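Residues per chain are reported as follows:
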Amino acid sequence: MSSQAADLSIRGVSKQYGPTTVLDRVDLEVAAGELVTLLGPSGCGKTTLLRAIAGLVTPDSGSIKIDGRDVTSLPPHKRQVGVVFQNYALFPHLSVAGNIAFGLRLKGMDAKAIGATVALYLELVHLGHLAERPISALSGGQQQRVALARALAVQPSVILFDEALSALDRNLREEMQVELRHLLRRIGTTAIFVTHDQDEALTMSDRIAVMYRGRIEQYTDPKTLYAAPASLFAMSFIGQSTQLRGEVLGSPGHGMVEIKTALGRLRAAANFAPGSPVVVAVRPECIGLGDAPSTEVNTISGRMTAAIFHGAHSMLHLAAEDGERVVAQLSGGHALPAEDSDISLHWPVAQTFVYPAAEAA
Ligand SMILES: Nc1ncnc2c1ncn2[C@@H]1O[C@H](COP(=O)(O)OP(=O)(O)OP(=O)(O)O)[C@@H](O)[C@H]1O
Ligand SMILES: [Mg+2]
């Protein structure tokens with residue numbers, strides 16, 4: 001049953017549509033058996049990159065290798081790449097089994113082997129009991145599984161998913177994410193997901209490639225991406241962050257900067273010339289209430305303009321005169337200060353991220 005998982009190597013792939021650069025010298029290395037997500041906002045080029053891997057889009061430049069073989073100019077059916085599209089693209093006039101058998105017939109498999117393979121993959125996606133059902137009589141989640149079984153049954157060495165789960169409701173989607181990850185691991189296939197849903201990316205992936213304007217901004221494992229976003233875009237796109245504009249005053253020590261903000265002076269590990277305009281970003285859950293004087297900690301003070309109760313946690317807003325503010329997330333048990341009172345907030349210098357202000361444009 002196991003497909004031959006392949007590695008994938010994308011080097012310098014660019015694609016232009018008219019005046020628009022949709023892919024801008026994209027490099028991406030995916031190991032055999034790895035689960036990778038392309039994550040980014042609408043229009044950043046995710047589908048185009050996926051289509052280039054599948055052979056449905058020809059890059060203007062660059063190369064794509066699967067298992068060391070250059071497939072850049074090969075047609076889709078010679079690449080051993082499977083694709084599961086958002087709309088599943090199932091054949092509505094065929095049964096569940098008929099949909100899965102279709103690709104096997106094209107491969108020239110004999111009838112007996114087809115029957116056994118269809119049964120095997122239907123079992124894998126828990127649809128054995130629905131083999132003879134017409135596609136039109138299936139729920140969205142069931143159709144999703146048929147699309148998956150159909151793509152896996154031909155044993156592609158790389159399988160691509162373009163927003164394949166986004167049509168499902170939240171509960172089913174979360175269930176399918178866990179199940180699909182498990183299934184792909186079991187089969188040991190290489191998979192690339194495309195999504196703009198950060199939770200899906202964090203759940204499914206060994207590594208996430210954050211895409212923005214046709215470029216890959218950061219490519220790393222989910223924990224590193226969350227803990228150390230390489231750009232303001234990555235910081236803003238994954239998880240929550242609170243941001244303050246500032247200006248670098250100078251370097252109090254090696255690899256450290258001191259930054260002037262509307263809420264006070266902050267320190268961070270970074271290298272910027274004095275006078276540089278920057279954006280300081282912090283995860284709200286890294287912020288604590290009160291001050292904690294230490295060179296390892298940043299403390300700010302000001303007026304608390306809002307305390308919003310969310311059940312398990314509360315969000316505290318601390319604002320400066322000019323409207324700049326920091327939002328802290330405090331866990332449920334905290335007694336909240338009264339609105340309009342003066343408060344202090346603190347967080348570790350190590351959790352203070354600084355980016356060039358130009359990235360905020
Ligand atoms: N065939 C085409 N001709 C012209 N422009 C195109 C073509 N295909 C895509 N584009 C443009 O390329 C850009 C990237 O499109 P793409 O479909 O790759 O985005 P995406 O990241 O998948 O977005 P979404 O999350 O909305 O699906 C968009 O601006 C889109 O309009
Ligand atoms: Mg898309």
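If you're wondering where the values come from, they're calculated on a predicted model, not measured in any experiment. (Residues numbered from 1 in each chain as written. Chains lettered and ligands numbered in written order. Predicted model: local features only at pLDDT ≥ 70, side-chain atom pairs only at ≥ 80, totals over all residues. Heavy atoms only, no water.)

**Some remarks on the overall build of the protein chain**
Formally: Elements are defined by DSSP. Helices are runs of H or I of four residues or more, strands are runs of E of two residues or more, and each kind is numbered from the N terminus. Here's how the labels work: a residue is buried when its accessible area is under 20% of the maximum for its type, exposed when over 50%, partly exposed in between, all with a 1.4 Å probe on protein chains only. Residue contacts follow a heavy-atom distance rule, with two residues in contact if any of their heavy atoms lie within 4.5 Å. Per-residue accessibility takes into account occlusion by the displayed protein chains alone, with areas from the Shrake-Rupley method and a 1.4 Å probe.
When you go through the protein chain residue by residue, the secondary structure sums to 8 helices and 20 strands. Expressed as lengths along the three principal axes of its C-alpha atoms, the size of the protein chain is roughly 75 × 45 × 35 Å. Residue burial in the protein chain is summarised as follows: out of 361 residues, 48% are buried. Considering only intrachain contacts with a sequence separation of at least 6, the fraction spanning at least 24 residues in the protein chain is 67%. Entry remark: accessible area of the protein chain is about 16,500 Å², with carbon and sulfur atoms responsible for 52%.

**A look at helix α2 (residues 96–106)**
Counting buried residues in α2 gives 8 out of 11 residues, a clear majority hidden from the surface. Three or more residues of α2 are buried, namely V96, A97, G98, N99, I100, A101, G103 and L104. Contacts made by the buried residues of α2 are with α3 (111–124) and α4 (140–153). At the C-terminal side of α2, G108 shows a positive phi close to 85°.

**Description of the site of ligand 1**
Let me state the cut-off plainly: For this description, a residue counts as near a given molecule or strand if any of its non-hydrogen atoms is within 4 Å of it. Polar contacts, as used here, are pairs of N or O atoms within 3.5 Å; protein pairs need one atom able to donate a hydrogen and one able to accept it. Residues neighboring in sequence count only if both atoms are side-chain atoms. Amino acids are sorted into nonpolar (Ala, Val, Leu, Ile, Met, Phe, Trp, Tyr, Cys and Pro), charged (Asp, Glu, Lys and Arg) and polar (every other residue, Gly among them).
The full set of residues close to ligand 1 is Y17, V22, P41, S42, G43, C44, G45, K46, T47, T48 and H196. Within the backbone of G43, a nitrogen or oxygen atom sits 2.8 Å from an oxygen atom of ligand 1. G45 has a polar backbone atom sitting 3.0 Å from an oxygen atom of ligand 1. For the shell around ligand 1, the element with the highest residue contribution is helix α1 (residues 46–54), accounting for 3 residues. For the shell around ligand 1, the residue count by class is 4 nonpolar, 6 polar and 1 charged.

**Some words on the sheet that holds strand β13 (residues 264–269)**
In plain terms, the rule: Only strands that DSSP links by at least two bridges are regarded as paired with each other. Throughout, an axis means a line fitted to C-alpha atoms (over the contacting stretch in the case of helices), and angles, computed between N-to-C directions, take values from 0 to 180 degrees.
The 5 strands lie next to each other as β13-β12-β11-β14-β20, forming an open sheet whose pairing is antiparallel. Of all strands in the sheet, those with a lone pairing partner are β13 and β20 (353–356), marking the two edges. For this sheet, the mean angle separating the axes of adjacent strands, direction not counted, is 45°. Note: strand β11 (residues 242–250) against strand β14 (residues 277–282), 6 bridges, orientation antiparallel.

**Observations regarding the domain arrangement of the protein chain**
Keep this limit in mind: For the domains described, the bounds stem from an automatic or database domain assignment. Throughout, buried area stands for the accessible area (probe radius 1.4 Å) lost by two parts on being put together, summed over both.
The domain boundaries assigned to the protein chain delineate domain 1 (8–236) and domain 2 (240–360). One C-alpha centre belongs to domain 1, the other to domain 2; they are set 39 Å apart. Tallying the contact residues gives 11 residues for domain 1 and 11 residues for domain 2. Of all residues in domain 1, Y226, L232 and M235 give up the largest surface area on contact with domain 2, accounting jointly for 73% of the area buried on that side.

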